[in-house]
Amino acid sequence: MSISSEYIQCIIPATLTVREALERLNSLKGVPLTLLVVDEQECVAGTLTDGDIRRGLIAGASLGDSVERVMMRHFRRLSPGADAEAILEEARALGIALLPEVDAEGRIQDVIDVRRRRALLPVDSVLMAGGRGERLRPLTLTTPKPLLPVGEKAIIDHNVDALAECGVRNIYVTVNYMHEQIEAHFAARHPEKTTVTCVLEPRPLGTFGSIGLIKTLKTDDVLVMNSDLLTDLDFAKMYRHHTENHADLTVAAVPYIVSVPYAILETENGCCTSLREKPTYNYLANAGVYIVKRSLLEELNGEERVDATDFIENLLARPGAKVVTFPIEGTWIDIGSPSDYRAACERFH
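The numbers attached to residues start from 1 for each chain and follow its sequence in the written order. Residue-level local features of this predicted model are given only where pLDDT is at least 70; pairs of side-chain atoms are given and counted only at 80 or more, and the full residue set underlies all totals for whole chains, interfaces and linings. Processing note: side-chain calculations cover all non-hydrogen atoms of the structure and skip hydrogens and water entirely.

Colleague: Before we go on, may I ask you to explain the side chain of Asp 221 in this structure?
Modeller: Helix numbering and strand numbering both begin at the N terminus, where a helix is a DSSP run of H or I of at least 4 residues and a strand a DSSP run of E of at least 2. Looking at the element boundaries, Asp 221 is found in strand S11 (residues 221–226). Accessibility here uses a 1.4 Å probe with only protein chains present; expressed as a share of the type maximum, an area under 20% marks a residue as buried, one over 50% as exposed, and anything in between as partly exposed. Accessibility expressed as a relative area gives 4% for Asp 221, which makes it buried. Polar contacts, as counted here, are pairs of nitrogen or oxygen atoms within 3.5 Å of one another; within protein the pair requires one atom able to donate a hydrogen and one able to accept it, and residues that are adjacent in sequence qualify only if both atoms are side-chain atoms. Here the side chain of Asp 221 touches Lys 293 through a polar contact of 3.5 Å, side chain to side chain. Ignoring anything within four residues of it in the chain, the contact list for Asp 221 reads Pro 122, Val 123, Asp 124, Tyr 239, His 242, Ile 291, Val 292, Lys 293 and Arg 294. In what follows, a contact means two residues having at least one pair of non-hydrogen atoms within 4.5 Å.

Right, here's the structure in full:
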């Protein structure tokens, strides 16, 4: 993935002088005041901040010296196979602003702005956007539900941007109803450091069946979610929960409370055995967000209709399979009705 122009200005050759590096730092706009120093092979040799220069000058360096004399040689980087999440958390704890991502030879491949990255999840993602949104008619007669505006952007863009902030680089959007509009939307919109690919269902295949059409999933785990919900779910925390529990599938869940406004009779053989006055029952409801082992998704053939409930029930019946839940503690809005849509618009106005 190419380095965006705003971060290219942070990369300098090791041949630059300290004075020239100061001038570059002074010219940086909209990015952390950190420079990444690369050698002739474009390998990262060090990092440089104004603090590094100040300490170097105190130690006897001059403005005409090469930046190699004052740069920080022991720096954090993201290398192939490294624990990206751990490195990001360590960088954040140390107050590091920029992380260079390098290949096996140390050549710079990308620049990660620690301020803008909530996480660096090693997952591909699938957003399901093929539904007709019939309960939201007449709004969805001319616009597919994922493209309805909430605040300043479409419903689906809230989810795409949240995934991008967590470092998800490959997002697939399965489409069917009014698919041309969604395809045109993402042909014109390019989220930073994230590739969005639309996958057309030849016919409605259910919430999970359409995933069988995707043949290029690469990560061991895949984050699958409905595109028509809004949530501040901590995807990184959910991923850690999934991996720490060695789960095959993790289902995000929301508390669902049922309050009965009557006294409930418990009976046996026609006789009343007890009475509960206006009881309240607590349940966990499926929130429409899942993390699934890719190997399980590869069993889908892309021809049969498979809903999420079918997929989960089949997995529960499989000996040795492990399905766990992850409770959502914050916001979750399933935009299924006009009242849900109004509530979402009021919250994100």
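Colleague: Just to check I follow, could you spell out the nonpolar core for this structure?
Modeller: Taken as a class, soluble globular proteins show a tendency for nonpolar side chains to be buried jointly. The term nonpolar core refers to a set of buried residues drawn from Ala, Val, Leu, Ile, Met, Phe, Trp, Tyr and Cys, joined through side-chain atoms within 4.5 Å. Counting 34 residues, the largest nonpolar core has Leu 121, Ile 156, Val 173, Phe 235 and Val 289 as the members making the most contacts within it. Broken down by secondary-structure element, the contributors of at least two residues to this core are strand S6 (123–129), helix H5 (155–165), strand S9 (170–175), helix H6 (179–188), S11, helix H8 (235–244), strand S13 (249–259) and strand S16 (280–293). Non-local contacts of Val 173, meaning those with residues more than four positions away in its chain, are made with Leu 127, Ala 129, Ile 156, Ile 182, Phe 186, Val 196, Thr 197, Cys 198 and Val 199. Within the second largest apolar cluster, 28 residues are counted, among which are Ala 21, Val 31, Val 67 and Met 71.

Colleague: Explanation requested: the sheet that holds S13 in the structure shown.
Modeller: Sheets are built from strands that pair by backbone hydrogen bonding, the pairs being arranged parallel or antiparallel. A sheet is described by the order of its strands in space; here seven strands give the open sequence S10-S9-S6-S11-S16-S13-S17, paired in mixed fashion. Each edge of the open sheet carries a strand with a single partner, namely strand S10 (195–200) and strand S17 (323–327). Neighbouring strand axes in the sheet, compared pairwise and without regard to direction, differ in orientation by 30° on average. For two strands to be treated as a pair, DSSP must find at least two bridges joining them. Relative to S9, S6 is paired through five bridges, and the arrangement is parallel. Bridge pairing in S9 links Val 126 to Tyr 172. Set on the sheet, H5 makes contact with S6, S9, S10 and S11; between it and S6 the angle comes to about 175°. Along the sheet face, H6 touches S6, S9 and S10 and points at about 165° away from the line of S10. Angles run from 0 to 180 degrees between N-to-C directions of axes, and those axes are lines fitted to C-alpha atoms, restricted for helices to the stretch in contact.

Colleague: So what exactly am I meant to see when it comes to the pairing of S11 here?
Modeller: On a regular strand, each side chain points to the face opposite its neighbour's, so the side chains alternate between the two faces of the sheet. For S11, the tally of buried residues reaches six of six residues, placing the bulk of the element in the interior. Side chains Asp 221, Leu 223 and Met 225 project from S11 onto one buried face, and the interleaved Val 222, Val 224 and Asn 226 project onto a second face that is buried too. Judged from the six bridges that link them, S6 and S11 form a sheet pairing that is parallel. Looking at the pairing, Val 126 lines up with Val 224 of S11. The pairing of S11 with S16 spans five bridges and is antiparallel. By the bridge assignment for S16, Val 224 is matched with Tyr 290.

Colleague: Would you take a moment to explain the pairing of strand S15 (residues 271–277) for this structure?
Modeller: When strand S14 (residues 263–268) meets S15, the two strands line up antiparallel, connected through six bridges. Bridge pairing links Thr 267 to Cys 272 in S15. Adjacent in sequence and paired antiparallel, S14 and S15 are bridged by two residues, among which Asn 269 carries a positive phi angle near 55°.

Colleague: How should I be thinking about empty space enclosed by the protein in this particular structure?
Modeller: The way it works is a 1 Å grid over only the protein atoms, where trapped points that fit a 1.4 Å probe form a cavity and open points with protein on both sides within 12 Å along at least five of seven lines form a pocket, and then any residue with an atom within 4 Å of a point lines it. Grid points are joined across faces, edges and corners, and a volume is the space filled by probe spheres set on the points. Across all of its chains, the model carries one cavity of 30 Å³ or more by this definition. A volume near 40 Å³ is recorded for the largest cavity. Along its surface, the largest cavity is lined by Ile 112, Arg 117, Leu 120, Ala 164, Gly 167, Val 168, Arg 169, Lys 193 and Thr 194. All residues other than Ala, Val, Leu, Ile, Met, Phe, Trp, Tyr, Cys, Pro, Asp, Glu, Lys and Arg, Gly among them, are scored as polar; the first ten of these are nonpolar and the last four charged. A per-class count over the lining of the largest cavity returns four nonpolar, two polar and three charged.

Colleague: Would you mind showing me how to read the layout of surface pockets here?
Modeller: Empty space among the atoms can be located by rolling a probe the size of a water molecule over them. One number sums up the size of the largest pocket: a volume of about 720 Å³. Around the largest pocket, the lining comprises 33 residues; the ones closest to its centre are Met 128, Gly 131, Thr 207, Asn 226 and Asp 228. Counting residues per element, the ones that place at least two in the lining of the largest pocket are S6, helix H7 (206–209), S16 and strand S18 (332–334). Top element by residues in the lining of the largest pocket is S16. It accounts for four residues. Per-class residue counts for the lining of the largest pocket are eleven nonpolar, 13 polar and nine charged. Each pocket or cavity is described by its volume, and for the second largest pocket that value is around 490 Å³. Taken together, 22 residues form the lining of the second largest pocket, with Ala 84, Glu 101, Leu 121, Pro 122 and Arg 169 sitting closest to its centre.

Functional significance is not addressed by these values, which are geometric in nature.
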